[in-house]
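This is what each chain is made of:
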Amino acid sequence: MNTPVPPPSDSDDQGGSVPPPPPPGGAAPPPPPPGYGTQPYGGQPPAGPPQYAGQQYGQPGQPAQPGYGPAPGFEQKPPRPDVKVGAGLIVAGAVIMIIGIYLPWLDEGGETRNGMDLFFTTDGDILDGPGQAVLVFAVILLGLGIALFFAGRVLAVAIIAIVVAAIAELVGLGMVGIANEDVLGGDLGIGVILQAIAPLAALAGSIAATAKRRR
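Just so you know, these numbers come straight off a predicted model, no measurement behind them.

In this section: the sheet that holds strand S2 (residues 112–113). Two pairing modes exist for strands in a sheet, parallel and antiparallel, and in both the strands are linked by backbone hydrogen bonds. Strand order across the open sheet formed by three strands is S2-S1-S5, with antiparallel pairing between neighbours. Looking at strand neighbours, the two that pair on one side only are S2 and strand S5 (187–188), the edges of this open sheet. Looking at chain direction, strand S1 (residues 106–107) and S5 are connected through two bridges and run antiparallel. Residue pairing for S5: Leu106 is matched across the bridge by Leu188.

In this structure, Ser206 sits in helix H5 (residues 190–211). Discounting residues that sit within four places of it in the chain, Ser206 has contacts with Ile90, Ala158, Ala161 and Ile162.

Two elements in contact, helix H2 (residues 84–101) and helix H3 (residues 131–151), have axes separated by 8 Å at closest approach and are oriented at 160°. Judged by the angle between their axes, H2 and H3 are roughly antiparallel. Relative to H3, H2 is oriented so that their crossing is left-handed. For the pair H2 and H3, the contacting residues are Lys84, Ala87, Ile90, Val91, Ala94, Val95, Met97, Ile98 and Ile101 in the first and Gly131, Val134, Leu135, Ala138, Leu141, Leu142, Gly145, Ile146, Leu148 and Phe149 in the second. Taken together, the residues of the contact of H2 with H3 sort by class into 16 nonpolar, two polar and one charged.

The rules we used
- Residues numbered from 1 in each chain as written.
- Predicted model: local features only at pLDDT ≥ 70, side-chain atom pairs only at ≥ 80, totals over all residues.
- Heavy atoms only, no water.
- Pairing = 2+ DSSP bridges.
- Helix = DSSP H or I, 4+ residues; strand = E, 2+ residues; numbered from the N terminus.
- Contact = heavy atoms within 4.5 Å.
- Axes fitted to C-alpha atoms, helices over the stretch in contact; angles between N-to-C directions.
- Parallel < 35°, antiparallel > 145°, perpendicular 65-115°, else oblique.
- Left-handed = near helix turned anticlockwise from the far one by under 90°.
- Nonpolar A, V, L, I, M, F, W, Y, C, P; charged D, E, K, R; others polar.

If you want it as structure tokens, here you go:
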């Protein structure tokens, strides 16, 4: 004999063991809140920044490679200005002074004397080779001119050259006075005249080298 199954009681509904039936009409449950970790607003895929992984600088449409300037504290100085013209004038003046020592200082009617010969002053003094003093300053100027030519503008060297050239000019004028004062007389030769002119060229070259400035 079959025993009838009793209908569900109200206690089952109150216990919550059986879910309530869906609402009539088959309406779908409300959608879940939008997920912020999956897609941006609007449900469209993000444009996003350009992907740099595996890309190379310099390709079309790619960011350019950043430039690298000089490190702080290591600013590159501009090249030194060219002072070869001034240095050349100093060397030329020194060479002319040396050559002038051995050229005639006095022309005594067919006989000549140069800077390495004897000269007699009106005070009775005998000067043996006064051109040797000129030779000292000429050699110094020659060395300074060569240093400026190969080393570029060196302010200290140029200033020293100015001082030495000025002293050489005074010495050269003194040589003209010695030759002109010689008691044996005669005409002044080209050699002693060059002693008053050549230092001026060296002085001009020294000033020109000093006046050069970095651009």
